[in-house]
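# Working through the structure, step by step
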Amino acid sequence: MTNKRQCIQERLYELSEEKYRVFSEKLTPGKTNILGVRLPVLRKLASEIVKGDWRAYLKEAMEDTDGKDISMEEVLLQGMVIGKCQTDLEEKLYWTAAFIPKIDCWPVCDSFCSTLKVTESSRERFWEFLQPYLRSDKEYEIRFGVVMLLDYYVLPEYAPLAFAHFDRIGHEGYYVKMAVAWAVSIYFIKLPDLTLSYLKENQLDDFTYNKSLQKITESYRVDPSTKEMIRSMK
């Protein structure tokens, strides 16, 4: 490990908060490598890294296949660096593909997706890039694809394509099912007519379908009469 990366790890330990670590562990069952560094603090550190030799940092991080000393926060940080770095689209996709195997929990997945705002200006290329992940048999690869859809593809022209993916996904992983339910609820909130038609003819499993309806009814952006209609669809 280079001195630079070691310094970054030491900074993460210095920035950690015990109370926030305990809080984060409750939200992420099974994760034991949490330090307790808040996301805004990680984003600030990522901004510092991209001003320097961020490629060297990422290269070393991606080559670290052992990973015994890597905290969840360092993985989050790497994802933020990829999102923030200034480079061309294909290199961004290269680093994205290198990072995805590191995703092993929902905070890393969802935070990483939120950093890839370049998708908004390159939707067609990213759509092509996402297809293998949406068809994967790995829980967090699928979740990555689904969360990317709800973050950047809630648009009339992409909705039917997204719905077809939701119907096809058959993975039994909890974090896949919850991501699909979350996505369906966001599509309903933003594209109610299209999504209602889909809900009446969907091929979702019962758990995902009912969770989708639940998430719609829990949204403050859905009016009471619509919530009653959605409840009647269970």
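Source: prediction; values computed, not measured.

## Structural notes on the overall build of the protein
Each helix and strand in the protein was counted, giving 14 helices and zero strands. Compactness check: the protein gives a C-alpha radius of gyration of 19 Å against a globular reference of 17 Å for 234 residues, within 12% of the reference. Residue burial in the protein is summarised as follows: out of 234 residues, 52% are buried. If you take every contact in the protein between residues at least 6 apart in sequence, the share linking residues at least 24 apart comes to 71%. By element, 52% of the accessible surface of the protein is carried by carbon and sulfur atoms, the whole surface being about 11,800 Å². Considering the protein, the positive charge centre built from 33 side chains and the negative charge centre built from 36 side chains are found 4 Å apart.

## Considerations on the pattern of salt bridges
Within this structure, the stated rule accounts for 14 salt bridges. With its nearest N and O atoms 2.8 Å apart, the salt bridge here joins Arg 55 to Glu 91. Residue Arg 55 is found in helix α4 (residues 54–63), and its partner Glu 91 is found in helix α6 (residues 89–99); the two are separated by 36 residues along the sequence. For Asp 205, the salt bridge identified is with Lys 177, shortest N-O distance 3.0 Å. Taken together, the residues Asp 205 in the loop between α12 (192–200) and α13 (206–218) and Lys 177 in helix α11 (residues 174–190) connect sequence positions 28 residues apart.

## Quick look at the packing of α13 against helix α14 (residues 224–231)
Contact geometry of α13 with α14 gives a least axis separation of 9 Å together with a crossing angle of 165°. In terms of their interaxial angle, α13 and α14 are classed as roughly antiparallel. The two elements α13 and α14 meet at a crossing, and its hand is left-handed. Side by side, α13 and α14 meet where Leu 213, Ile 216 and Thr 217 of the first sit next to Lys 227, Ile 230 and Arg 231 of the second. A class-by-class count of the residues in the contact of α13 with α14 yields three nonpolar, one polar and two charged.

## Points about the nonpolar core
Residues Ile 103, Phe 144, Val 146, Leu 149, Tyr 153, Phe 166 and Tyr 187 are the most contacted members of the largest nonpolar core, which totals 76 residues. What Ile 103 contacts, discounting residues up to four positions off in sequence, is Val 108, Cys 109, Phe 112, Tyr 140 and Phe 144.

## Considering the side chain of Ser 185
Along the chain, the position of Ser 185 falls in helix α11. Ser 185 gets classed as buried once you look at its relative accessible area, which sits at 4%. When residues no more than four places from it in sequence are discounted, the contact partners of Ser 185 are Ser 212, Lys 215 and Ile 216.

## What about the environment of Tyr 209?
Positionally, Tyr 209 belongs in helix α13. Between the alpha carbons of Tyr 209 and Ala 181 there is a distance of 6.8 Å; along the sequence they are 28 residues apart. Non-local contacts of Tyr 209, meaning those with residues more than four positions away in its chain, are made with Leu 199, Asn 202, Leu 204 and Met 233.

## Topic: the packing of aromatic side chains
For the structure shown, the criterion picks out 18 aromatic pairs. Measuring from centroid to centroid gives 5.7 Å for Tyr 133 and Phe 144, while their planes differ by 85°, and the two rings are edge-to-face. A residue pair is termed long-range when its members are at least 10 positions apart, and Tyr 133 in helix α8 (residues 123–134) and Phe 144 in helix α9 (residues 139–152) qualify at 11 residues. Summarising the burial analysis for this pair, Tyr 133 and Phe 144 share the class buried. Between Phe 163 and Tyr 198, the aromatic rings sit 4.3 Å apart at their centres with planes inclined by 10°, giving stacked as the arrangement. Residue Phe 163 is found in helix α10 (residues 159–168), and its partner Tyr 198 is found in helix α12; the two are separated by 35 residues along the sequence.

## A word on α11
In a regular helix each residue adds 1.5 Å, so 17 residues correspond to 24 Å; α11 covers 25 Å between its end C-alpha atoms and thus fits that length. Buried residues dominate α11, accounting for 13 of its 17 residues.

## With respect to the side chain of Lys 31
Secondary-structure assignment places Lys 31 in the loop between α2 (18–27) and α3 (39–50). The buried category is assigned to Lys 31, whose relative accessible area is 12%. Side chain to side chain, Lys 31 and Asn 33 meet in a polar contact 3.2 Å long. With sequence-adjacent residues up to four places away left out, Lys 31 is seen in contact with Glu 25, Met 72, Asp 104 and Cys 105.

Calculation rules
- Residues numbered from 1 in each chain as written.
- Predicted model: local features only at pLDDT ≥ 70, side-chain atom pairs only at ≥ 80, totals over all residues.
- Heavy atoms only, no water.
- Helix = DSSP H or I, 4+ residues; strand = E, 2+ residues; numbered from the N terminus.
- Rg over C-alpha atoms; globule rule 2.2 N^0.38 Å.
- Buried < 20%, exposed > 50% of the residue type's maximum accessible area, 1.4 Å probe, protein only.
- Contact = heavy atoms within 4.5 Å.
- Areas by Shrake-Rupley, 256 points an atom, 1.4 Å probe, with all protein chains shown as cover.
- Lys, Arg positive; Asp, Glu negative; His and termini not counted.
- Charge placed at Lys NZ, Arg CZ, Asp CG, Glu CD.
- Salt bridge = Lys/Arg side-chain N within 4 Å of Asp/Glu carboxyl O.
- Axes fitted to C-alpha atoms, helices over the stretch in contact; angles between N-to-C directions.
- Parallel < 35°, antiparallel > 145°, perpendicular 65-115°, else oblique.
- Left-handed = near helix turned anticlockwise from the far one by under 90°.
- Nonpolar A, V, L, I, M, F, W, Y, C, P; charged D, E, K, R; others polar.
- Core = buried A, V, L, I, M, F, W, Y, C linked by side-chain atoms within 4.5 Å.
- Phe/Tyr/Trp six-rings, centres within 6.5 Å; stacked < 30°, edge-to-face > 60°.
- Expected span 1.5 Å × (residues − 1).
- Polar contact = N/O pair within 3.5 Å; in protein donor to acceptor, adjacent residues only side chain to side chain.

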